[in-house]
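Below, each chain spelled out in residue letters.
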Amino acid sequence: MEQNLRTPGPTPIPDDVRDAQAQQMIDHRGSEFAELLRETSAGLAELIGTTGEVFLLTGSGSGALEAAVVNTLSPGDRVLVVTIGSFGDRFAQIATAFGAAVERFEVEWGQAADPAALREHLASTEPYRAVLITHNETSTGVANPLRELAEVVRAAPGEPLVVVDGISGLGAMPFEMDAWGVDLVVSASQKAWMASPGIAIAAVGERARAAGETARMPRFYWDFAEARAWAGKGQTPWTPAITVLYGLRVGIGKLRQEGRERTWARHAAIARGVVAGIEHLGLRPVAPPEHRSGTVTAAWLPEGLEWAPFNAAMRERGLVIAGGQGKWTGRILRFGHMGDVGIEEMAQALEIMGGTLRDFDRDADPSGAAEAAFASFTAETVAAR
Ligand SMILES: Cc1ncc(COP(=O)(O)O)c(C=O)c1O
């Protein structure tokens, strides 16, 4: 049975990306690889909105979070982690593991960080060396107002570095690295970039690069100085995931062809469609309307509906979505809609979910939910023209 994979990563990958990933190996110390690396990093820089460096590291997104920390900080540095969910918590864990003096600006799960409250906090304490922020919190489906948060951090005493986990938002949601004053942002190939897992992306601005010169946290595999030295020769320090880079180059080409604004608008319209659909099914979205993610929609599981059997039944019908993480395990469900996605797949997913709800004796209108998603999507895209 064809699977409708709607987790927040890995995401389904288009046929031309799959074809690219099936190509024969090349020498990663040769000119063909140098062109692959150059073209892929340059395309990413354009899509992220930076004239800074973009490093392609072999690893998952969490590796890139670690790289961000160890290349900018020293043990004992005062660091504030703005955490609104489980991935914010992971950022804090990593910084703690490497000896930063971590403080947490903790926001109730399901909510976004408030720039005014952050400003107040930053003004009330000793300066921080860096503030770590999640752009799009995949565990709750909440998007932080990153532009405003970055502005507040840049204006704070000590001008802390703005270090961002952009893993599940970049490429799909509005993001302007240089214009917003983001010093370092990371992502990963299996998200909106439409490739397989395996390449971690780190975009490094001038202030983060300079911070690396004095940062004393231990690092070897993730050392940006190594990545920089080898990038100068069109190479990576270590053997890279060449296959994933083949795919990533195609994914990036597709996004460039669509155009950033159009990609962002498509994701926003799909997200609204999904919300319309789940509301039609009688489910309640987690995120407040003004902070809903463009790539992940989370909803509360209806009272008395157990996640494990419900999820198993959806999988039997071919729909694969995600449940809650950490303290929200068994409490929410999550749809991923990033990268190679249209409203059709989401409408189909909603229809399957609606049918499954019925199997569990819930009152649901599966085809009405699909229609509501289409109607909202169409209204949104017509309005945007
Ligand atoms: C916001 C965010 N941060 C970090 C990660 C971790 O990435 P990975 O699983 O590739 O290590 C994810 C993955 O879902 C994510 O969505």
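Summarised in this report is the structure supplied together with it.

Analysis parameters
- Residues numbered from 1 in each chain as written.
- Predicted model: local features only at pLDDT ≥ 70, side-chain atom pairs only at ≥ 80, totals over all residues.
- Pairing = 2+ DSSP bridges.
- Helix = DSSP H or I, 4+ residues; strand = E, 2+ residues; numbered from the N terminus.
- Contact = placed C-beta atoms within 7 Å.
- Axes fitted to C-alpha atoms, helices over the stretch in contact; angles between N-to-C directions.
- Core = buried A, V, L, I, M, F, W, Y, C linked by C-beta atoms within 7 Å.
- Buried ≥ 20, exposed ≤ 12 C-beta atoms within 10 Å, placed from the backbone.
- Domains from an automatic or database assignment.
- Parallel < 35°, antiparallel > 145°, perpendicular 65-115°, else oblique.
- Left-handed = near helix turned anticlockwise from the far one by under 90°.
- Nonpolar A, V, L, I, M, F, W, Y, C, P; charged D, E, K, R; others polar.

1. Quick notes on the sheet that holds strand β14 (residues 332-336)
Okay, so step 1: If you trace the 3 strands from one edge of the open sheet to the other, you get β11-β14-β13, paired in antiparallel fashion. This sheet does not close on itself; its edge strands, each paired only once, are β11 (296-300) and β13 (322-323).
Okay, so step 2: Of the pairings in the sheet, the one linking β11 to β14 comprises 5 bridges and is antiparallel in character. Among the inter-strand pairings, Thr297 is bridged to a residue of β14, identified as Phe335.
Okay, so step 3: In this fold helix α11 (residues 260-280) packs onto β11 and β14, with an angle of close to 15° to the strand it touches most, β11.

2. Let's talk about the nonpolar core
Inside soluble globular proteins, nonpolar side chains tend to come together where they are buried.
Okay, so step 1: In terms of nonpolar packing, the biggest core is built from 131 residues, with Ile201, Ala202 and Ala373 touching the most fellow members.
Okay, so step 2: Of the residues that make up this core, three or more belong to each of domain 1 (16-257) and domain 2 (259-384).

3. With respect to the packing of helix α5 (residues 115-123) against helix α6 (residues 146-154)
Okay, so step 1: Where α5 meets α6, the closest approach of the two axes is 9 Å, and the angle between their N-to-C directions is 15°. Here α6 runs roughly parallel to α5, going by the angle between their axes. Remark: the crossing between α5 and α6 carries right-handed chirality. Contacts between α5 and α6 pair Pro115, Leu118, Arg119 and Leu122 from the former with Glu148, Leu149 and Val152 from the latter.
Okay, so step 2: Across the contact of α5 with α6, the residue classes tally to 5 nonpolar, no polar and 2 charged.

4. Focus on the environment of Phe360
Okay, so step 1: The residue Phe360 is located in the loop between α13 (343-359) and α14 (366-384) in this model.
Okay, so step 2: The spatial distance from the C-alpha of Phe360 to the C-alpha of Gln348 is 19 Å, given a sequence separation of 12 residues.

5. Let's talk about unusual backbone geometry
Okay, so step 1: The amide bond that connects Gly9 to the next residue, Pro10, takes the cis arrangement and shows omega of 0°.
Okay, so step 2: Note on placement: Pro10 falls in the loop between β1 (4-5) and α1 (15-21).
Okay, so step 3: One non-glycine residue, Glu159, adopts positive backbone phi at about 40°.
Okay, so step 4: When you line up the elements, Glu159 lands in the loop between α6 and β8 (161-165).
Okay, so step 5: The class for Glu159 is partly exposed, based on 15 C-beta atoms found within 10 Å.
Okay, so step 6: The backbone of Met194 shows a phi angle near 70°, a positive value even though the residue is not glycine.
Okay, so step 7: Among the secondary structure elements, Met194 is positioned in the loop between β9 (184-188) and β10 (199-204).

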